Amino acid sequence: MSLKILEELQQRFTVPGVVFNTGEGGLKRIEVQTPAARGEIYLHGAHVTGYQPMGEQEMLFISAKSQFAVDKPIRGGVPVIFPWFGAKSDDARAPMHGFARLAEWEVQSIAPADDGGVTVDLRFLPPPNTSGSFPHAFELSYRVSFGKSLRLSLAVRNAGPASWKFEEALHSYFAVSDVRNVVVTGLENSQYISKTQNMQRQQQGDESLRITQETDRVYQNTTAACVIDDPGMGRRITISKRESRSTVVWNPWIDKARAMADFGDEEWPDMICVETCNVGENAVQLAGGAEHRMEAEIRSEKV
Ligand code: TA6
């Protein structure tokens, strides 16, 4: 069944360098190989699991312990978080970080991109079983462009008459040489909620951010681009964004890494999440019929 679907998709979307195949766990995957970059995305959660610009190293972290199952989120890459971030405040049984990353998305189009890469457009319409946890009519459109940079564009459309509020995140996991040796800039003098300090509101000074312990910071009211300086990998990753007013920085460190079944005990030095979001006080109020588009552009340069 799945093979036939893959063959049909391959016929519908015939673009040089684009292959539909079966990935981990038998999940449908699109692999992209062009002169600009290599990339991969699962239809499950529209989950980008790989991006490597030509001549550069892989930029995204994927846990070796990640599950690849229709009812589980993939650990790593770029999870698409919607319509709530973290636990759902009024329903402890609702899935962490919403349901968009657990659903199978549809491919709408695939085309060569202007920078020698490939652009993939996906769509997610609400399946019937989510009306309980989020009783609103919506449509998600997600454009992923694997080129000289990784460009991500998530559009949320309110398909009903009434206004409602949502949270969203492109929860990007970046591969680093050793999280203890990287420096994150761009968040100086910003306010954040520290999830490791009882959700206390803190103010970062004009110093850059270094990771020396479990770090889980929800920065609010910041539109700044962030930079991950990684001398160990000889590269600098820049995460620029549009229509995003929150940034989350996360590293589980030792104990949290051990507590996660789908994350290797020894993997915590290999990654850092710098997430492009609208969460907390930056949640988006969307009028009936309106659309909101959040974008991130991720690029690497040798240093
Ligand atoms: O973005 C950081 C965070 O909210 C952390 O608190 C941690 O829970 C992480 O997301 C991963 O969440 P997940 O549901 O994917 O295990």
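Nothing here was measured: the structure is a model prediction, and the numbers come from that model.

Trainee: Just give me the short version of the site of the ligand, but keep the residues and values in it.
Mentor: Taken together, Arg75, Phe85, Met96, His97, Arg101, His171, Lys195, Asp216, Val248, Trp250 and Glu275 are the residues near the ligand. Here an oxygen atom of the ligand and a side-chain polar atom of Arg75 are 2.8 Å apart. Starting from 390 Å² of accessible surface for the ligand in isolation, the protein chains cover 87%. Of the residues in the shell around the ligand, the class split is 4 nonpolar, 2 polar and 5 charged.

Trainee: Describe the state of the cysteines, listing the residues and the values that go with them.
Mentor: Disulfides are covalent bonds that connect the sulfur atoms of two cysteines. One pass over the structure, following the stated rule, counts 0 disulfides. The cysteine Cys226 is free of any disulfide, with Cys277 supplying the nearest cysteine sulfur at 10 Å. The class of Cys226 is buried, set by a relative accessible area of 2%. We note that Cys273 lacks a disulfide partner, and the nearest cysteine sulfur, in Cys277, lies 9.8 Å from it. Cys273 sits in the buried class, given a relative accessible area of 0%.

Trainee: So what about the sheet that holds strand E1 (residues 18-22)? Which residues, and what values?
Mentor: In spatial order, the strands read E1-E2-E3-E4; together these 4 strands make up an open sheet with antiparallel pairing. The open sheet terminates on both sides in strands that have one partner only, identified here as E1 and strand E4 (47-53). Shown here is a sheet whose adjacent strand axes are inclined to one another by a mean of 15 degrees, direction ignored. Docked against the sheet, helix H1 (residues 2-12) engages E1 and strand E2 (28-33), running at close to 175 degrees with respect to E1.

Trainee: Kindly report on the packing of aromatic side chains, identifying the contributing residues and their values.
Mentor: All chains considered together, the criterion is met by 21 aromatic pairs. Among the aromatic residues, those joined into a ring-pair cluster are Phe82, Trp84, Phe99, Trp105, Phe124, Phe134, Phe138, Tyr142, Trp164 and Phe166. In this arrangement the basic side chain of Lys88 is found over the ring face of Trp84, its NZ or CZ atom lying 5.3 Å from the centre.

Trainee: Run through the sheet that holds strand E6 (residues 106-112), naming residues and quoting values.
Mentor: Strand order in the open sheet made by the 9 strands is E6-E7-E8-E9-E23-E19-E18-E13-E16, with antiparallel pairing throughout. The outermost strands of the open sheet, each flanked by one partner alone, are E6 and strand E16 (209-210).

Trainee: Just give me the short version of the pairing of strand E14 (residues 191-194), but keep the residues and values in it.
Mentor: One ladder, built from 4 bridges, connects E14 with strand E15 (residues 200-203); its direction is antiparallel. In the sheet register, Ile193 faces E15, and the bridge partner there is Arg201. Linking two consecutive strands that pair antiparallel, namely E14 and E15, is a turn of 5 residues; a positive phi of about 50 degrees is found at Asn198 within it. Where E14 lies against strand E17 (residues 215-220), 4 bridges are found, and the strand directions are antiparallel. Paired with Ile193 across the bridge in E17 is Val218.

Rules and cut-offs
- Residues numbered from 1 in each chain as written.
- Predicted model: local features only at pLDDT ≥ 70, side-chain atom pairs only at ≥ 80, totals over all residues.
- Heavy atoms only, no water.
- Near = heavy atom within 4 Å.
- Polar contact = N/O pair within 3.5 Å; in protein donor to acceptor, adjacent residues only side chain to side chain.
- Areas by Shrake-Rupley, 256 points an atom, 1.4 Å probe, with all protein chains shown as cover.
- Nonpolar A, V, L, I, M, F, W, Y, C, P; charged D, E, K, R; others polar.
- Disulfide = S-S within 2.5 Å.
- Buried < 20%, exposed > 50% of the residue type's maximum accessible area, 1.4 Å probe, protein only.
- Pairing = 2+ DSSP bridges.
- Helix = DSSP H or I, 4+ residues; strand = E, 2+ residues; numbered from the N terminus.
- Axes fitted to C-alpha atoms, helices over the stretch in contact; angles between N-to-C directions.
- Contact = heavy atoms within 4.5 Å.
- Phe/Tyr/Trp six-rings, centres within 6.5 Å; stacked < 30°, edge-to-face > 60°.
- Lys NZ or Arg CZ within 6 Å of the ring centre and 35° of its normal.

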